[in-house]
Amino acid sequence: MTSQLVSLRHALHDLAEASGEERRTATFLQEFFQTHPPTKLDTSLPGYGLAALFESTRPGPTLLLRADLDAIRDDPTSTQPHAAHRCGHDGHMTMLLGLVLDLERRPLNQGRVALVFQPAEETGEGALPLVESEFFQNLNPDVVLGLHNIPGQPLGRVLLREGSFAWASVGMRAHLRGRSAHAGEAEKGQSPKEALAYLLTHLPLCARENHAERCTVTHARLGEPTFGVSPGDAVLHVTLRAEQDEDLAALCRRVHEMIQTQAANHALAITLEPHEPFPATRNAPRIVQRAVSILQARHHDLTMLEHPFFWSEDFGHFTARKPGMLFGLGSGETQPSLHNPDFDFPDALLEQGVAVWRSLVDGFLEDSSLQASKRGSTSTSVEEIVCSNEGASCSRP
């Protein structure tokens, strides 16, 4: 299988498309499934999403396995569609395709598995429409599973954690508007420079030291690159992170309050816009415990993480609605970090990833108790939490 998986991964790597633009990638997958047909191929998912359903003749649990379609846009400010797979989504997709090849040789003994290929993970826009879709409601999975490769960890090591696995986050764009003036008569204008200077220094302090929170300024602009104009506007981007959704909402309120106070102190108009909201990804303890039992019985290398990851994943929308887990798969101790220009998914991990997926599929489908716990739930998106803060001048992008 190795050479076939490598060829598939390299083909997907060359097709890299940014979030919401994954048309050619989805077409490639559809062509693959024409040669390797599932029980049903559903292309009605939101965006360019698709799902391959594999069913056995015997009843059993329903599993949903997710891979992400999108890549990193080379220049986030550009309207050109240039992107690169610097997060390993090409490998995530390929491992599910490898599972398809394995299912052809060893079909399911019971139950059914849906392999879901989700668009727009990088921007946090793909999972929520999917879990709200008719497809997801009709599938009504008993367990939802997702993985992400983790650089810096031994190749093939499975990383598990009960409860919080990845933090919640949201980007905040603040536009401060005053009044420009001639640089020789700056006093006749209303510059946001003092407000911006204060926010650059003090916004990170909004994150409470004794809580799992972070506030990071990622971009700032004051006026335009000229010499003759005293600036009348400024733009500030800040990323807010917290281990819990509730803490993120509280952090957002403090950030809003500080920005509004500075705007009022300097007679500035402001617009606040949330971008790329991600909920916290929380793993169901009993699903993680079952996974540990399955993987240990099949002699996979695994580690229980002490702390969650600071980055975010929109798979949290799945685990907020159904029992499930996101887990890590080590991609090498010397592997460049995610989103690094030198990152390239290691082909040596492909077969190991397929083996982990097959172990989990077989192990969870053997657990008849999963169907008895089938449930549905609703959750509030991070964007809704952020935009519901009292007194916040907040508009959606």
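What this report covers is the structure whose coordinates are included nearby. (Residues numbered from 1 in each chain as written. Predicted model: local features only at pLDDT ≥ 70, side-chain atom pairs only at ≥ 80, totals over all residues. Heavy atoms only, no water.)

## Notes on the side chain of His-175
- Secondary-structure assignment places His-175 in strand 10 (residues 168-177).
- One polar contact links His-175 to Asp-233, side chain to side chain, over a distance of 3.3 Å.
- Leave out the neighbours within four places in its chain, and His-175 touches Asp-233, Ala-234, Val-235, Ala-269, Ile-270 and Thr-271. (Helix = DSSP H or I, 4+ residues; strand = E, 2+ residues; numbered from the N terminus. Polar contact = N/O pair within 3.5 Å; in protein donor to acceptor, adjacent residues only side chain to side chain. Contact = heavy atoms within 4.5 Å.)

## Comments concerning the sheet that holds strand 12 (residues 213-222)
- Spatially, 12-14-10-15 is the arrangement adopted by the four strands of the open sheet, whose pairing is antiparallel. Lying at the two open borders of the sheet, with one neighbouring strand each, are strand 12 and strand 15 (269-278). Strand-to-strand, the axes of this sheet are offset by a mean angle of 15 degrees, without reference to chain direction.
- Here nine bridges tie strand 12 to strand 14 (residues 233-242), and the two strands are oriented antiparallel to one another. From the neighbouring strand, Cys-215 faces strand 14, where its bridge partner is Leu-240.
- Those strands touched by helix 6 (residues 193-202) are strand 10, strand 12 and strand 14, and its axis lies near 150 degrees from that of strand 12.
- Strands in contact with helix 7 (residues 245-265) are strand 10, strand 12, strand 14 and strand 15; relative to strand 10, the strand with the most contacts, it is inclined by about 10 degrees. (Pairing = 2+ DSSP bridges. Axes fitted to C-alpha atoms, helices over the stretch in contact; angles between N-to-C directions.)

## A closer look at helix 10 (residues 350-365)
- Over its 16 residues, helix 10 extends 23 Å from the first C-alpha to the last, a length consistent with the 22 Å expected when each residue adds 1.5 Å.
- Most of helix 10 sits out of view: 12 of its 16 residues are buried.
- When we look at burial in helix 10, the residues that qualify are Leu-350, Gly-353, Val-354, Val-356, Trp-357, Arg-358, Ser-359, Leu-360, Val-361, Gly-363, Phe-364 and Leu-365. (Expected span 1.5 Å × (residues − 1). Buried < 20%, exposed > 50% of the residue type's maximum accessible area, 1.4 Å probe, protein only.)

## Remarks on the packing of aromatic side chains
- Evaluated as defined, the whole model comprises nine aromatic pairs.
- On the basis of an interplanar angle of 20 degrees and a centroid distance of 4.9 Å, the ring pair of Phe-315 and Phe-318 is categorised as stacked.
- In this structure Phe-315 comes out as buried when scored by relative accessible area, which is 0%.
- A ring pair is formed by Phe-327 and Trp-357, whose centres lie 5.4 Å apart and whose planes are at 75 degrees; its orientation type is edge-to-face. Of this pair, Phe-327 sits in strand 18 (residues 324-330) while Trp-357 sits in helix 10; the two residues are 30 residues apart in sequence, bridging distant segments of the chain. (Phe/Tyr/Trp six-rings, centres within 6.5 Å; stacked < 30°, edge-to-face > 60°.)

## Some thoughts on the pattern of salt bridges
- Across all of its chains, the model carries 22 salt bridges by this definition.
- Ionic pairing is found between Asp-301 and Arg-157, a salt bridge with its closest N-O pair at 3.0 Å. With a gap of 144 residues between them, Asp-301 in the loop between helix 8 (285-297) and strand 17 (302-304) and Arg-157 in the loop between strand 7 (143-150) and strand 8 (158-160) connect regions that are remote in the sequence.
- Under the relative-accessibility criterion, Asp-301 is labelled partly exposed at 38%.
- Given the relative accessible area of 23%, Arg-157 is considered partly exposed. (Salt bridge = Lys/Arg side-chain N within 4 Å of Asp/Glu carboxyl O.)

## With respect to the packing of helix 8 against helix 10
- Running from N to C, helix 8 and helix 10 point in directions that differ by 115 degrees, and their axes come no closer than 9 Å. When the axis of helix 8 is compared with that of helix 10, the two are roughly perpendicular. Crossing angle aside, the handedness with which helix 8 passes helix 10 is right-handed. Two secondary-structure elements touch here, helix 8 through Ile-287, Arg-290, Ala-291, Ile-294 and Leu-295 and helix 10 through Val-356, Ser-359, Leu-360, Gly-363 and Phe-364.
- In terms of residue class, the contact of helix 8 with helix 10 is made up of seven nonpolar, two polar and one charged. (Parallel < 35°, antiparallel > 145°, perpendicular 65-115°, else oblique. Left-handed = near helix turned anticlockwise from the far one by under 90°. Nonpolar A, V, L, I, M, F, W, Y, C, P; charged D, E, K, R; others polar.)

## Details of the nonpolar core
- Leu-65, Leu-115, Phe-117, Trp-357, Leu-360 and Phe-364 are the most contacted members of the largest nonpolar core, which has 55 residues in total.
- Dropping the residues within four chain positions of it, Phe-117 is found in contact with Leu-29, Phe-33, Gly-49, Leu-50, Ala-67, Leu-69, Met-93, Leu-96 and Leu-97.
- Counting 28 residues, the second-largest nonpolar core is a separate cluster that includes Leu-176, Leu-196, Cys-215 and Val-238. (Core = buried A, V, L, I, M, F, W, Y, C linked by side-chain atoms within 4.5 Å.)

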